[in-house]
Amino acid sequence: MCRQSAGDQHENASSMAAAIEELTFSIAHMSDLANDANTLSQSSCELTQSARDVVGKTVSMINDISKVIGSTAQLVELLGSKAENAGQAALVIREIAEQTNLLALNAAIEAARAGALLLWRMRLESWLNAHAQSY
């Protein structure tokens, strides 16, 4: 009975040793998996930080673009105002040109009248001179 009991204990001890060895192997495997998970977590953290940096730069660039667009809008508004002023100046110039053309036409008409009157006067004086000698 002692022998059998010793044999049973030996078997039980061997089974326990095998179970402990399996447990040690499982713990080592779980440790490896935990290390892999830690490595992946660190990589994920680094990628997240890189993404945060990229988003920050993107926001900064969008703000810069917004400022440029705002400045451009102000310049376009100013240009529109200047173009409106130029259009008004062109209208004034056109009106002055029309008035100048009317004045030039009137001056030409008056010059033609003066020329016709002078010609008529010269003919009259010529006729009077021609007839004065005959009287």
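As shown above, the structure is provided for reference.
Residues numbered from 1 in each chain as written. Predicted model: local features only at pLDDT ≥ 70, side-chain atom pairs only at ≥ 80, totals over all residues. Heavy atoms only, no water.

Participant: I'm lost on the overall build of the protein in this one. Help?
Facilitator: Broken down by element type, the protein carries one helix and zero strands. Radius of gyration (C-alpha) of the protein: 57 Å, far over the 14 Å computed for a compact globule of 135 residues. Seen through its C-alpha atoms, the protein measures out along the principal axes to roughly 195 × 20 × 15 Å. Both charge centroids of the protein, one from 9 positive and one from 15 negative side chains, sit 28 Å from each other. (Helix = DSSP H or I, 4+ residues; strand = E, 2+ residues; numbered from the N terminus. Rg over C-alpha atoms; globule rule 2.2 N^0.38 Å. Lys, Arg positive; Asp, Glu negative; His and termini not counted. Charge placed at Lys NZ, Arg CZ, Asp CG, Glu CD.)

Participant: Explain the pattern of salt bridges to me, please; I cannot follow it from the model alone.
Facilitator: Oppositely charged side chains are able to pair whenever their charged atoms sit close together. Evaluation of the coordinates by the stated rule reveals two salt bridges. With a closest N to O distance of 3.1 Å, Glu110 and Arg113 form a salt bridge. Separated by three residues within a single helix, Glu110 and Arg113 lie in helix 1 (residues 2–134), roughly one turn from each other. Overall, the relative accessible area of 53% leaves Arg113 in the exposed class. Residue Glu125 pairs with Arg121 through a salt bridge whose shortest N-O separation is 3.3 Å. With Glu125 and Arg121 both in helix 1 and four residues apart, the pair spans about one turn of that helix. (Salt bridge = Lys/Arg side-chain N within 4 Å of Asp/Glu carboxyl O. Buried < 20%, exposed > 50% of the residue type's maximum accessible area, 1.4 Å probe, protein only.)

Participant: When you look at the environment of Asn101 in this model, what are you seeing that I'm missing?
Facilitator: Relative to the helices and strands, Asn101 is located in helix 1. Given the relative accessible area of 54%, Asn101 is considered exposed. For the pair Asn101 and Asn129, spaced 28 residues apart in the sequence, the C-alpha separation amounts to 41 Å.

Participant: For this particular structure, what's the right way to read a nonpolar patch on the surface?
Facilitator: Residues Leu117, Trp120, Leu124, Trp127 and Leu128 make up a contiguous nonpolar surface patch of roughly 550 Å² in combined accessible area. As for its placement among the helices and strands, Leu128 is situated in helix 1. (Patch = residues over 30% accessible without salt bridge, like charges linked within 9 Å, V, L, I, M, F, W, Y side chains within 5 Å. Areas by Shrake-Rupley, 256 points an atom, 1.4 Å probe, with all protein chains shown as cover.)

The values are spatial; any link to function lies outside them.
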